[in-house]
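# Structural overview
Okay, here's what each chain looks like letter by letter:
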Amino acid sequence: MATSILTGDDSPLIREATRADLLSIYRIETQVFDQPWPYPVFEGFLDEPNFLVAVTNGSVAGYVVGDVTPTYGRDIGHIKDLAVHPTAQGNGIGRRLLQRAVLGLTVEGVGRIKLEVRKHNTPARELYRSEGFEPVTCLSGYYDDGEDAIVLAKQPERTSIFEGS
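Just so it is clear, the model here is predicted, and its values are computed rather than measured. (Residues numbered from 1 in each chain as written. Predicted model: local features only at pLDDT ≥ 70, side-chain atom pairs only at ≥ 80, totals over all residues. Heavy atoms only, no water.)

### Structural notes on the side chain of Asp-21
- With respect to the helices and strands, the residue Asp-21 is situated in the loop between β2 (13-16) and α1 (22-32).
- Apart from the residues within four sequence positions on either side, Asp-21 is in contact with Arg-15, Glu-16, Val-53 and Val-60. (Helix = DSSP H or I, 4+ residues; strand = E, 2+ residues; numbered from the N terminus. Contact = heavy atoms within 4.5 Å.)

### A closer look at the packing of aromatic side chains
- Inspection of the entire model under this criterion finds seven aromatic pairs.
- Taking 5.8 Å as the distance between ring centres and 75° as the angle between the ring planes, the aromatic pair formed by Tyr-26 and Tyr-39 counts as edge-to-face. Here the residue Tyr-26 occupies a position in helix α1, and Tyr-39 occupies one in helix α2 (residues 39-44), the gap between them amounting to 13 residues.
- Take Tyr-26: its relative accessible area is 26%, and that puts it in the partly exposed class.
- The class for Tyr-39 is partly exposed, based on a relative accessible area of 28%.
- One aromatic cluster is present, built from ring pairs that chain together Trp-37, Phe-42, Phe-45, Phe-51 and Tyr-63.
- The ring of Tyr-143 has Arg-118 sitting right over it, with the charged end atom 4.1 Å from the ring centre. (Phe/Tyr/Trp six-rings, centres within 6.5 Å; stacked < 30°, edge-to-face > 60°. Buried < 20%, exposed > 50% of the residue type's maximum accessible area, 1.4 Å probe, protein only. Lys NZ or Arg CZ within 6 Å of the ring centre and 35° of its normal.)

### Side note on the nonpolar core
- Ranked by internal contacts, the top residues of the largest apolar core, which has 25 residues, are Ile-79, Leu-97, Leu-98, Tyr-128 and Phe-133.
- Elements represented by at least two residues in this core include exactly β3 (50-56), β4 (59-69), β5 (76-84), α3 (93-107), β6 (112-118), α4 (122-130) and β8 (149-154).
- Among the elements that line this core, the one with the most residues is α3, at six residues.
- The contact partners of Phe-133, leaving out residues within four places of it in the chain, are Leu-98, Val-102, Ile-113, Leu-115, Tyr-128, Leu-152, Ala-153 and Lys-154.
- In this structure, Ile-25, Ile-28, Val-55 and Val-60 belong to the second largest nonpolar core, which totals 14 residues. (Core = buried A, V, L, I, M, F, W, Y, C linked by side-chain atoms within 4.5 Å.)

### Some thoughts on the packing of α3 against α4
- Close contact between α3 and α4 brings their axes to 11 Å; oriented N to C, the two are set at 45°. Overall, the two elements α3 and α4 adopt an arrangement that is oblique. Between α3 and α4 lies a crossing of right-handed hand. On the side of α3, the interface is formed by Gly-94, Arg-95 and Leu-98, while α4 contributes Leu-127, Tyr-128 and Ser-130.
- Across the contact of α3 with α4, the residue classes tally to three nonpolar, two polar and one charged. (Axes fitted to C-alpha atoms, helices over the stretch in contact; angles between N-to-C directions. Parallel < 35°, antiparallel > 145°, perpendicular 65-115°, else oblique. Left-handed = near helix turned anticlockwise from the far one by under 90°. Nonpolar A, V, L, I, M, F, W, Y, C, P; charged D, E, K, R; others polar.)

### So, the pattern of salt bridges
- Tallying each qualifying case throughout the model produces seven salt bridges.
- Residue Arg-19 is joined to Glu-43 by a salt bridge in which the shortest nitrogen-to-oxygen separation is 3.2 Å. Within this pair, whereas Arg-19 is found in the loop between β2 and α1, its partner Glu-43 is found in helix α2, the two being separated by 24 residues in sequence.
- Taking the shortest distance from any N to any O, the salt bridge between Asp-145 and Arg-118 comes out at 3.1 Å. With a gap of 27 residues between them, Asp-145 in the loop between β7 (134-139) and β8 and Arg-118 in strand β6 connect regions that are remote in the sequence.
- The buried category is assigned to Arg-118, whose relative accessible area is 18%. (Salt bridge = Lys/Arg side-chain N within 4 Å of Asp/Glu carboxyl O.)

### Quick look at the pairing of β8
- Extensive coverage of β8 is indicated by the burial of six of its six residues.
- Pairing of β6 with β8 involves six bridges; the strand directions are antiparallel. Its bridge partner being in β8, Arg-118 is matched across the sheet by Ala-149.
- Bridge analysis of β7 against β8 gives five bridges, and the strand direction is antiparallel. (Pairing = 2+ DSSP bridges.)

Okay, here's the thing in structure tokens:
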């Protein structure tokens with residue numbers, strides 16, 4: 001189901017990713033990250049309802065991959081990957097993708113949402129902080145190049161839509 005989350009004529013359309021989007025997603029991944037995910041990894045997430053793309057002017061401008069990890073208590077949502085094409089960065093697309101994925105994970109009933117971010121990725125860390133994510137721990141040498149990851153987490157916000165009233 002497609003959801004427009006901005007107003008105005010140039011608003012990105014946020015919708016679930018499809019197989020037809022995978023090449024565009026992979027191209028963004030290789031432009032944005034020094035250690036990109038392999039193409040087949042994205043194929044494995046195609047059935048996830050929180051694998052979303054932002055489309056502007058008919059092209060994929062960014063994507064987010066979120067999924068749910070079952071636990072013995074409340075399930076945990078995990079934002080696994082988020083990227084915006086370099087020419088589209090700074091326009092709020094990443095924030096809108098993150099917000100939509102958090103909403104989707106919240107609707108799925110998760111008790112907590114987590115993600116990992118490079119210790120030195122200041123713009124991403126500021127985005128996540130502004131959306132309510134707080135540091136939980138540091139994973140030393142998490143990335144292949146030896147850089148540490150900061151694990152951030154947040155509790156989904158309760159709203160009346162989820163209550164029985």
